[in-house]
Amino acid sequence: MTKIFVTKSFLPPIKEFKKLLEKIWSNNLLTNQGPLLKELETKLKNYLDLENLHFVTNGTIALQLSFRALDITEGEIITTPFSYVATTSSILWERCTPIFVDIDSETLCIDVNKIEKLITPKTKAILAVHVFGYPCDVEKIQKIANKHKIKVIYDAAHAFGCKYKNKSLLSYGDISVCSFHATKVFNTIEGGCLTTNEKTISDKIELLKRFGHNQDNHLTLGINAKASEFQAAMGLCNIQHVDGLIKSRKKISDTYDKLLKKYIKRPFVPKNLEYNYSYYPVIFENESQTLSVIEALNKEDIYPRRYFYPSLNDLPYLKNHQNCPISEYVSKRILCLPLYVDLKINDVKKICNIIISTLKNGENY
Ligand SMILES: *Cc1c(COP(=O)(O)O)cnc(C)c1O
């Protein structure tokens, strides 16, 4: 039996990649903002309809750079507990303090109505996540940020290709960050980007990502966040396929929807979202139901993931515990079901049947 995991990386036809490898060999440039990287940045800007974009080694370093680019080196960052660990770890790594605001139980994004009462004179920014590619309440967040003169950073790692109100979801906030990790909708093996509408912030990122110097002028403390020509080559191959990838993901999601609708709760998705079908999260009634479903699927060599568990406010290396009951409750009950381009519709049906029969068996107790 072939194992079915929550995701499977997309690889383009190898001859497309080989063609670009030949280009790298003939250019003899492996990194340092080479021609393939430049070409990829241009293509990404066009595809995502963005003014400024920096392709870097990964999404985590992009998050860390975003603090530096906004001159945030200390203080409190308002953030969500329901995300991948990199959202919180980047705050800690930059020696700031995460202040967790609980999530909205329907959208699973940060609850905008709970932000203001946690803002203090030490608050520097809001780092919110468009979790699973579902948009935060971007207008309300911007309003709060303007009122309190703090910055807005979006961890838009899941939001590649999502459009909200006819605009790229990556175009909101002072800086938005995306991940192009192998498991994401669009991948460059490892990789990520920062986007901003502000030319001055973009110029700062340009400097920071390459050691902070311009020829012999050392202008600021920087780091190495440069992506290589090999990562750019993978990006150039995959960008050609991404529309098709999103389409096939939609087909699988639609099948799940049709088969599971009657049985399982799903996050709320706003109407004016053009979605990328990056994940298929389902929320069960309680943790024991969730665990029984995992067990039943594992028996058939199917491995969904508990995205996201635990709730990040429960991380063991945090100094103090902050309560986020909704996020903790959702974290215990949520599963992401397998979703990738060549997942067979018959396998989707099988997964749904296992889930439905597990739920039905549970009712007999
Ligand atoms: C994947 C991911 C990241 C980290 O991106 P990398 O490219 O793996 O460093 C950050 N935040 C979220 C929400 C993610 O899912």
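So, a few notes on the structure that sits alongside this text. (Residues numbered from 1 in each chain as written. Predicted model: local features only at pLDDT ≥ 70, side-chain atom pairs only at ≥ 80, totals over all residues. Heavy atoms only, no water.)

Digging into the environment of phenylalanine 132
Reasoning step 1: Considering the arrangement of structural elements, one finds phenylalanine 132 in the loop between strand S5 (123-129) and helix H5 (138-148).
Reasoning step 2: The class of phenylalanine 132 is buried, set by a relative accessible area of 0%. (Helix = DSSP H or I, 4+ residues; strand = E, 2+ residues; numbered from the N terminus. Buried < 20%, exposed > 50% of the residue type's maximum accessible area, 1.4 Å probe, protein only.)

Regarding helix H10 (residues 345-363)
Reasoning step 1: Compared with the 27 Å implied by 1.5 Å per residue over 19 residues, the 27 Å span of H10 between its first and last C-alpha is a close match.
Reasoning step 2: Lining the buried residues of H10 we find helix H7 (229-260), helix H8 (287-299) and strand S15 (302-303). (Expected span 1.5 Å × (residues − 1). Contact = heavy atoms within 4.5 Å.)

Considering the packing of H8 against H10
Reasoning step 1: The geometry of H8 relative to H10 is characterised by a closest axis approach of 9 Å and an angle of 135° between their N-to-C directions. With respect to H10, the axis of H8 lies oblique. The handedness of the crossing between H8 and H10 is right-handed. Contact with H8, carried on its side by Gln289, Ser292, Val293, Ala296 and Leu297, involves Ile351, Ile354, Ile355, Thr358 and Leu359 of H10 and no other residues of that element.
Reasoning step 2: For the contact of H8 with H10, the class distribution of residues is 7 nonpolar, 3 polar and no charged. (Axes fitted to C-alpha atoms, helices over the stretch in contact; angles between N-to-C directions. Parallel < 35°, antiparallel > 145°, perpendicular 65-115°, else oblique. Left-handed = near helix turned anticlockwise from the far one by under 90°. Nonpolar A, V, L, I, M, F, W, Y, C, P; charged D, E, K, R; others polar.)

Describing the sheet that holds strand S13 (residues 273-274)
Reasoning step 1: Pairing in this open sheet of 3 strands is antiparallel, and the strands run S8-S7-S13 from one edge to the other. The open sheet has two edge strands with one neighbour each: strand S8 (167-168) and S13.
Reasoning step 2: One ladder, built from 2 bridges, connects strand S7 (residues 163-164) with S13; its direction is antiparallel. Across the sheet, lysine 163 pairs through a bridge with glutamate 274, a residue of S13. (Pairing = 2+ DSSP bridges.)

Remarks on the packing of aromatic side chains
The way to describe two aromatic rings as a pair is by their centre distance and the angle between their planes.
Reasoning step 1: All chains considered together, the criterion is met by 18 aromatic pairs.
Reasoning step 2: With a centroid separation of 6.1 Å and 80° between ring planes, the pair formed by tryptophan 25 and phenylalanine 230 is classed as edge-to-face. Highlighted residues: tryptophan 25 in helix H1 (residues 14-27) and phenylalanine 230 in helix H7, separated in sequence by 205 residues.
Reasoning step 3: Ring centres 6.5 Å apart and planes at 55° place the aromatic pair tyrosine 164 and tyrosine 172 in the tilted group.
Reasoning step 4: The class of tyrosine 164 is buried, set by a relative accessible area of 9%.
Reasoning step 5: Given a relative accessible area of 13%, tyrosine 172 falls into the buried group.
Reasoning step 6: The rings of Phe82, Phe132, Tyr134, Tyr275, Tyr277, Tyr279, Tyr307 and Phe308 are connected pair by pair, giving a single aromatic cluster.
Reasoning step 7: Looking at arginine 266, its charged tip hangs above the ring of tyrosine 280, at a distance of 3.7 Å from the centre. (Phe/Tyr/Trp six-rings, centres within 6.5 Å; stacked < 30°, edge-to-face > 60°. Lys NZ or Arg CZ within 6 Å of the ring centre and 35° of its normal.)

Focus: the pairing of strand S3 (residues 76-79)
Reasoning step 1: Covered by surrounding structure in S3 are Glu76 and Ile78 together with Ile77 and Thr79, the residues of both alternating faces.
Reasoning step 2: Of the pairings in the sheet, the one linking S3 to strand S4 (residues 97-100) comprises 4 bridges and is parallel in character. By the bridge assignment for S4, threonine 79 is matched with phenylalanine 100.
Reasoning step 3: Between the parallel elements S3 and S4, the chain passes through helix H4 (residues 85-93) in a crossover that is right-handed.
Reasoning step 4: Across 4 bridges, S3 lies against S5 in parallel orientation. Looking at the pairing, isoleucine 77 lines up with alanine 125 of S5. (Right-handed = clockwise from strand over helix to strand, strands pointing away.)

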